[in-house]
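Residues per chain are reported as follows:
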Amino acid sequence: MNTEIDFAGIKMKNPVTVASGTFGYGREFAEFYDLSKLGAVITKGTSLKPRNGNRPSRVCETPAGMLNSIGLQNPGVEYFAQNDLPFLRKFDTKIIVNACGNTIEDYVELCRILNNLEIDAVELNLSCPNVCAGCMAFGTTYEGVKEVTSAVRKVLDKPLIVKLTPNVTDITLTAKGAEDAGADGISAINTLLGMKIDIEKRKPVLANNTGGLSGPAIKPVAVRMVYQIAKAVKIPVMGLGGIVNGDDAVEFMLAGAKAVSIGAGNFIDPYVAPKTIEGIEDYLERHNINDVNDIIGKVEMN
Amino acid sequence: MPKMQLQAKLVNIEQLKNDIFKFSVEAKEIVKISKPGQFIEIRVTDQVEPFLRRPISIYNMDKENGILEFIFQVKGKGTEILSKKQVGDLVDIIGPLGYGTFDYSKYQNLAIIGGGIGIFPLYELAKEAKNNNKNVNTYLGFRNKEFVVLEKEFEEVSDELCLATDDGSYGKNGFAINFLKEDIEKGKIDSIYACGPLPMLRAVKDLAVQNNIPCQVSLEERMGCGIGVCLGCSVKVAKSPIDNPQYVGVCKAGPVFDATYVDF
């Protein structure tokens, strides 16, 4: 059975990755399993300079999911290059760095540095809902996505994936912005902007008032958007949003995702990613399919 | 420090109060390496609702028999489901968690102070310290007689136990910290370990700072993952500048901190 895929020029041993912000830089999960099992690891959102993140409370549980407003706390690209990258390189898996910034200049400078590191690809984060400047500010229009992606494309030779926000009217427009600017792949979706109110205190639970919703609660929205994007662009799509097992992953792949990424699911079961890989293999076996590539986009619409 | 996921068999349930349960589970691998102050994360269902694991402090480690005990109050959906488990059921736990643990090794005359349901992680500390020939002075505060739990258990692991209720309906009358203060003035205490409601922890910290006594506190914060990746359960580093506040994770750097290291 073949589970290998070529996602945007990244040769992955299987289609399963772990989503930015839910896996740190891999160290904590390496205590549970060999990261070489994964198709790729997508790092915590990393910026040019260290970021301290938002004030707490930063997370809360919601029906079949959670809200977060971490605010891209990370040690910065230099620290990553010196401390975390050598650790990740010990594993036989692809390393994709999620890159975030406040300004176009930030993104460009960051990607210039990333281009010289031993990583396999960059995932451009144009979709974090929890920081005022940057990210989602660029990510909600065709022009915005195209502008940042084009600027980054000029300095980045490695595969470039653009991660899109679902907080838009028509996600195919931003997907096209990425494609037209020369991106090699799309990942979708980031979190949906949400809010939870403590009715006793009459205040939002999160200190930042709003946060990004993730978990199985958002899966149907994500599957629909992945389907739309896959129809609208020629570059491959990495699907994510609420995946907690192989069946969920297959659903995304049928919708058109070439690869999948597991986010909040990592919080409830540290082994969810390897189990998802096994789940996909079980599905292929049950359906006598020899190559995982044969299920991509194979949903038959009513 | 390694951590692991176990399907731990529930071997005993004790209902301490209407809404407070003590669970004993077989978790040899975890208790073997756990330290006082650490916690576990429990998944109460194999479904996705409720979604997140529940962080619960370790109450007692029976290292000889490989039994881990934790006590929880039913507060919401998750703990409600957990409380319905029966002896023989499996409990999905990850542990031991937290790198910040109680460290009393350099001191001899310990004050262990807890309030309400915050007293649970202090039992293992008192027990271990007493086994290591420390002088253990324990101060437990409860709202009133109805809320008093584990008196006998703490008595057994303390050289002196001071139990107080806010309204004087049981034990001594007043806040537990008042009695700690008296003992500090008598020169009986050289280190303090605290867990409980925030106002109590803040008062204990102030008392410790005034008297120049080292103090550790165990903190709570809403958690996402509990293993240090989501950066959700952050607490501010006290000395970081106001316009550039820095944070550390309660689940990773804590849950036990030097009281002056973080703002709470």
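Residues numbered from 1 in each chain as written. Chains lettered and ligands numbered in written order. Predicted model: local features only at pLDDT ≥ 70, side-chain atom pairs only at ≥ 80, totals over all residues.

1. What to know about the packing of helix α8 (residues 246-255) of chain A against helix α10 (residues 272-286) of chain A
Residue and element names in this part refer to chain A.
Phase 1 of the analysis: The interhelical angle for the contact between α8 and α10, taken along N-to-C directions, is 65 degrees, at an axis separation of 7 Å. The orientation of α8 with respect to α10, classified from their angle, is roughly perpendicular. Judged by the sense of rotation from one axis to the other, the crossing of α8 with α10 is right-handed. Residues G246, D247, A249 and V250 of α8 form the contact with α10, whose participating residues are T276, E278, G279, I280, D282 and Y283.
Phase 2 of the analysis: For the contact of α8 with α10, the per-class residue count stands at four nonpolar, three polar and three charged. (Axes fitted to C-alpha atoms, helices over the stretch in contact; angles between N-to-C directions. Helix = DSSP H or I, 4+ residues; strand = E, 2+ residues; numbered from the N terminus. Parallel < 35°, antiparallel > 145°, perpendicular 65-115°, else oblique. Left-handed = near helix turned anticlockwise from the far one by under 90°. Contact = placed C-beta atoms within 7 Å. Nonpolar A, V, L, I, M, F, W, Y, C, P; charged D, E, K, R; others polar.)

2. Regarding the sheet that holds strand β9 (residues 160-165) of chain B
In a beta sheet, neighbouring strands are held together by backbone hydrogen bonds and run either parallel or antiparallel to one another.
All names here are of chain B.
Phase 1 of the analysis: One open sheet holds the seven strands; their spatial order is β10-β9-β8-β7-β11-β12-β15, and the pairing between them is mixed. Single-partner strands in this sheet number two, and they are β10 (172-173) and β15 (256-258).
Phase 2 of the analysis: One ladder, built from four bridges, connects strand β11 (residues 191-195) with strand β12 (residues 215-218); its direction is parallel. When the sheet's bridge partners are listed, I192 is paired in β12 with C215.
Phase 3 of the analysis: Packing of helix α6 (residues 198-210) onto the sheet brings it into contact with β7 (109-115), β8 (135-142), β11 and β12, and relative to β12 it is tilted by some 170 degrees. (Pairing = 2+ DSSP bridges.)

3. A word on helix α5 (residues 142-153) of chain A
Phase 1 of the analysis: Between its first and last C-alpha, α5 of chain A extends 16 Å over twelve residues, near the 16 Å set by a 1.5 Å rise per residue.
Phase 2 of the analysis: Those residues of α5 of chain A that fall on the buried side of the exposure criterion are V145, K146, V148, T149 and V152 of chain A. (Expected span 1.5 Å × (residues − 1). Buried ≥ 20, exposed ≤ 12 C-beta atoms within 10 Å, placed from the backbone.)

4. Quick notes on unusual backbone geometry
Phase 1 of the analysis: Note the cis peptide between P56 of chain A and S57 of chain A, where omega equals 5 degrees.
Phase 2 of the analysis: Looking at where S57 of chain A falls in the secondary structure, it is placed in the loop between β4 (40-42) and β5 (59-62).
Phase 3 of the analysis: At the junction of G254 of chain B and P255 of chain B, the peptide bond is cis and its omega measures out at 10 degrees in the coordinates.
Phase 4 of the analysis: Here P255 of chain B shows up in the loop between β14 (247-249) and β15.
Phase 5 of the analysis: Phi is positive for A64 of chain A, which is not a glycine, with a value near 50 degrees.
Phase 6 of the analysis: Mapped onto the elements of the fold, A64 of chain A is located in the loop between β5 and β6 (65-68).

5. Focus: the sheet that holds strand β8 (residues 121-125) of chain A
Residue and element names in this part refer to chain A.
Phase 1 of the analysis: Strands sit in the order β3-β4-β7-β8-β9-β10-β15-β16 around a closed barrel of eight strands; the barrel is parallel. Within this sheet the neighbouring strands show an average axis-to-axis angle of 25 degrees, counted without direction.
Phase 2 of the analysis: Across the face of the sheet, α5 comes into contact with β8 and β9 (160-163) while running at roughly 155 degrees to β9.
Phase 3 of the analysis: Running at roughly 165 degrees to strand β3 (residues 16-18), α10 makes contact with β3 and β16 (257-262) of the sheet.

6. Some details on the nonpolar core
Phase 1 of the analysis: Counting 180 residues, the largest nonpolar core has I161, I186 and V226 of chain A together with V204 of chain B as its most contacted members.
Phase 2 of the analysis: The greatest single-element share of this core, amounting to seven residues, is contributed by helix α7 (residues 219-232) of chain A.
Phase 3 of the analysis: Here this core spans two domains, since at least three of its residues come from each of domain 1 (4-97) and domain 2 (109-220) of chain B.
Phase 4 of the analysis: The residues contacting I161 of chain A, other than those within four sequence positions of it, are A8, I96, A121, V122, E123, L124, A183, D184, G185, I186, S187 and M238 of chain A. (Core = buried A, V, L, I, M, F, W, Y, C linked by C-beta atoms within 7 Å. Domains from an automatic or database assignment.)

7. Quick notes on the domain arrangement of chain B
All names here are of chain B.
Phase 1 of the analysis: Along its sequence, chain B is organised into domain 1 (4-97) and domain 2 (109-220).
Phase 2 of the analysis: Averaged C-alpha coordinates put domain 1 and domain 2 at centres separated by 24 Å.
Phase 3 of the analysis: Between domain 1 and domain 2, the residue contacts involve twelve residues of the former and nine residues of the latter.
Phase 4 of the analysis: If you list the elements that add at least two residues to the side of domain 1 that touches domain 2, you get β1 (4-17), β4 (54-62) and β5 (67-73).
Phase 5 of the analysis: By residue number, the principal contributor to the side of domain 1 that touches domain 2 is β4, which donates five residues.
Phase 6 of the analysis: For the side of domain 1 that touches domain 2, the per-class residue count stands at seven nonpolar, four polar and one charged.

8. Considerations on the interface of chain B and chain A
Phase 1 of the analysis: Taken together, the contact between chain B and chain A spans 28 residues of the former and 28 residues of the latter.
Phase 2 of the analysis: A per-class count over the side of chain B that touches chain A returns 15 nonpolar, seven polar and six charged.

9. Some points on the pairing of β6 of chain A
Residues and elements named next belong to chain A.
Phase 1 of the analysis: Residues of β6 alternate between two faces, with G65 and L67 on one and M66 and N68 on the opposite face, all of them buried.
Phase 2 of the analysis: Pairing analysis gives four bridges linking β5 to β6, with the strands arranged antiparallel. Residue pairing across strands places T62 opposite G65, the latter belonging to β6.
Phase 3 of the analysis: In this structure, the hairpin formed by β5 and β6 is closed by a connection of two residues, where A64 is found at a positive phi of approximately 50 degrees.
Phase 4 of the analysis: Where β6 lies against strand β14 (residues 210-214), three bridges are found, and the strand directions are antiparallel. When the bridges of β14 are listed, L67 appears paired with L213.

10. Considering the pairing of strand β11 (residues 192-195) of chain A
Residue and element names in this part refer to chain A.
Phase 1 of the analysis: Side chains of β11 alternate between two faces, with L192 and G194 buried and L193 and M195 left unburied.
Phase 2 of the analysis: Relative to β14, β11 runs antiparallel, the two being bridged by four bridges. Across the sheet, the residue bridging to L192 is L213, located in β14.

11. Considerations on the environment of R58 of chain A
Phase 1 of the analysis: As for its placement among the helices and strands, R58 of chain A is situated in the loop between β4 and β5.
Phase 2 of the analysis: A tally of 28 C-beta atoms within 10 Å means that R58 of chain A is categorised as buried.

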